[in-house]
Amino acid sequence: MANSNQSAFQFELQQLKKFAAEIQKQKEGLEAVPPYRGEDLAEQALEASRERSRRNLDVSEKEPYFGRLDFRESGDEEPVPLYIGKAGVSESESGHAMIMDWRAPAASLFYSYSGGEEEAWYMAPEGMVEGEIYLKRNVAVRNGTLQRVVDTYSKGSSQSGAADEFLLYRLGEKKDNRLKDIVSTIQAEQNEMIRAPRDTALIIQGAAGSGKTTVALHRLAYLIYEYRENMLAEHMIIFAPNTMFLDYISNVLPELGVGHIKQTTFAEWAAARLGGVLTFKPRNWEKWFVPGPFRSAQETDAPWKLKGSISFMQAIEEALIHYTEDLLPSADFSPWQGKVLKNETIRNWFNDEFTGYAPVKKKELTAEKIKRWIKTELDKEWDKKARQDNKKSAAQKLRAYLKTWRSLEEADVYAEMLKVSEVRAVLTDEVADAALAMLKKREADHEDLAPLVHIRIVLNGLQRGERFHHIVIDEAQDFSPYEMAVLQKLALKNSFTILGDLAQGIYAGIRSWEEIFPIFKEGRYEYKILSKSYRSTMEIIEFANSILLSAFVPPAPAVPVFRSGEPAEAVHVPASEKEPYILKWVEKERSKKTESLAIICRTESDAEKLWTGLKSQIGSLSLVRDGQRGYSGGVTIIPVYLAKGLEFDAVLIVDADAENYQLNQADAKLLYVGCTRALHTLAAVYSGTPSPLLKKEEGKGK
């Protein structure tokens, strides 16, 4: 290690200067080489390599490394210091690794080693590598400046708790309007999930603030690194609940040096895949989340639940088999008078000669076969005028004949499916007839997207390159089993990361993870639970858990890390004093240099009304509406149902009254979502009777 008279901080300061100089030198060298835009394949490969190096150096410039691991491999005499960063950097002259990529096999020790084991090991391509760890050091570098050095393990030292100290230091940092990577503080259980095999559907039940989203994003970065010969970023996709959430997570992958991964919502992706054949009505969340009896009724409302079920998918699949087996008309085909092609012959061509093709392709091939038969028959006619007359007749008759086949347009086929008694038995006549009425107007609901895409896949098949190398589904509790089953058909090697929290299931989705287990063939899935919450303080988590447990028992309640803060408050504020109270709250939080504040309302109309009253009194006050593609940070007014997935330094929940949050599962989940957005400060205010969900907290903060 360093000279005994030199502190760890001073030693790392010198190392940082050394690494920064090498990185700058390499950047200047690459910038001196003009990008190659020619056609030479060898030069293209060299340019691709240079571009990867440029990206790695850009990532490393501001934060070259975050960890150091001194590891002595079995058989070696001395330990070797391994510096670990977001991207690997090698010395330009020797080619030796200067900084190791966090995804490298040896770097896994930095996350998995807790200090209690005598020996350490990791799996390399050539097999198991065993050895001994002498030092594990966490380093915080921001914009090229060394800020903190913490030794979380030192061989022979009796110190403990340093790892928790560094984690709490990072968790205590202020938030802005973007999610950050966690590469320097990945915990052992998270590391195990990130490095899970690619051909397994990893299903993660993660409590609020457990890092499940960042785990999924880091897993993408790991898979691209580990399987770089077989998995391409361009063939990966992330599905998220809304476009604002996509904007919120948009910085994580670029911070890890990963680009070109498509990020979308299921609705946008499915509508694009269907090519504009229908107009899809967006869900009216304002109506869905209106407080009171109507909100409660939505929990048992039939359309989304029935249309999103595996039973409905199976009924559609069975009906499609019968439909596509009977596409042809029963009549013979006569291209001109006196010439007949028997229906039996056409059916044999369709069913026997073109077996293995999807129905749309089979129809195309059968039509081509009929055209060739027509040409053969025309060639037998010696009379030129008769041949021309017959050719014209054949073209007209063939067009008319093909129109007598059953339709292979997705909307038409879906309409036929909804008339099948076995399909209607899964739904209700009311639901099926309502969908048919919309289809006549070339419209459909959100819950019709999955069956329509399913039908398209069956009718057209999947072309080369259409399958995804990996699929991430975030906030998966808001997806229907049918939507996930459709995506499963598009996943190569069953490669999924599916993450969510049933306690935050506030939209139309699943109610138990067991609903989706049958989707994955041969049990090729792994179910994991993340219960430790790293986002919020102990006080906030305890406050939120008491609300949730009033009406819902989660698979695993959130367990806070030992990070204490201000008490979470339930405060009575008369209606006439609500706006002055909010202004004082904002002023107080801004005085603490708080960077992101959220004022959470029950509905969008409530949020808009409050924003109108406050926008002239609070500088840079923003309002989040449904369909918005991002938010700017600062002070934000947002409906509670749009806040899911986001996080803020301080949260104020307004109108936490009995009429807005009743004692039922739906409202308990909704209020729980609002509370768990807060990292450091939380207060819930009510003007009349407090929500019964707050009964244990009522009076705190008065």
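Figured I'd write up the structure that's included with this text. Since this is a predicted model, take the numbers as computed values, not measurements.

### Some thoughts on helix H14 (residues 343-353)
And then number 1: Restricting attention to buried positions, one finds in H14 the residues Asn-343, Ile-346, Trp-349 and Phe-350. Looking down the long axis of H14, one finds its buried residues gathered within 125° of arc, a one-sided arrangement. Opposite the packed face of H14, turned more than 90 degrees from it, sit the exposed residues Glu-344 and Asp-352.
And then number 2: Buried residues along H14 sit in contact with helix H13 (310-325), strand E12 (333-336), strand E13 (339-341), helix H15 (359-379) and helix H16 (384-403).

### Observations concerning the packing of H14 against H15
Think of two packed helices as two axes; the pair is described by the angle between the axes and how far apart they sit.
And then number 1: Contact pair H14 / H15: the axes reach a minimum separation of 10 Å and the direction vectors enclose 135°. Relative to H15, the element H14 is oriented oblique. The handedness of the crossing between H14 and H15 is right-handed. The segment H14 lies against H15, with Ile-346, Trp-349, Phe-350, Asn-351 and Glu-353 engaging Pro-359, Lys-362, Lys-363, Thr-366, Lys-369, Ile-370 and Trp-373.
And then number 2: Residues that form the contact of H14 with H15 fall into these classes: six nonpolar, two polar and four charged.

### What about the sheet that holds strand E23 (residues 634-639)?
And then number 1: What the six strands build is an open sheet, ordered E20-E25-E24-E21-E23-E22; its pairing is parallel. A single partner strand is all that each edge strand has here, and the edge strands are strand E20 (569-572) and strand E22 (621-623). Geometrically, the sheet is characterised by an average inter-axis angle of 20° between neighbouring strands, direction not taken into account.
And then number 2: Here E20 runs beside strand E25 (residues 678-686); their pairing, made up of four bridges, is parallel. The residue bridging Val-571 from the neighbouring strand is Val-685, located in E25.
And then number 3: Against the sheet, helix H22 (residues 538-548) contacts E20 and E25, and its axis sits at roughly 45° relative to E25.
And then number 4: Sitting on the sheet, helix H24 (residues 604-614) touches strand E21 (596-601), E22 and E23, and the angle it makes with E23 is about 145°.

### Some details on the environment of Arg-68
And then number 1: Along the polypeptide, Arg-68 turns up in strand E1 (residues 67-73).
And then number 2: By relative accessible area, which is 3% here, Arg-68 ends up buried.
And then number 3: Distance in space between the C-alpha atoms of Arg-68 and Asn-138 is 6.6 Å, their sequence separation being 70 residues.
And then number 4: A distance of 3.2 Å separates the side chain of Arg-68 from the side chain of Glu-12, its partner in a polar contact.

What counts as what
Residues numbered from 1 in each chain as written. Predicted model: local features only at pLDDT ≥ 70, side-chain atom pairs only at ≥ 80, totals over all residues. Heavy atoms only, no water. Buried < 20%, exposed > 50% of the residue type's maximum accessible area, 1.4 Å probe, protein only. Helix = DSSP H or I, 4+ residues; strand = E, 2+ residues; numbered from the N terminus. Arc of directions from axis to C-beta. Contact = heavy atoms within 4.5 Å. Axes fitted to C-alpha atoms, helices over the stretch in contact; angles between N-to-C directions. Parallel < 35°, antiparallel > 145°, perpendicular 65-115°, else oblique. Left-handed = near helix turned anticlockwise from the far one by under 90°. Nonpolar A, V, L, I, M, F, W, Y, C, P; charged D, E, K, R; others polar. Pairing = 2+ DSSP bridges. Polar contact = N/O pair within 3.5 Å; in protein donor to acceptor, adjacent residues only side chain to side chain.

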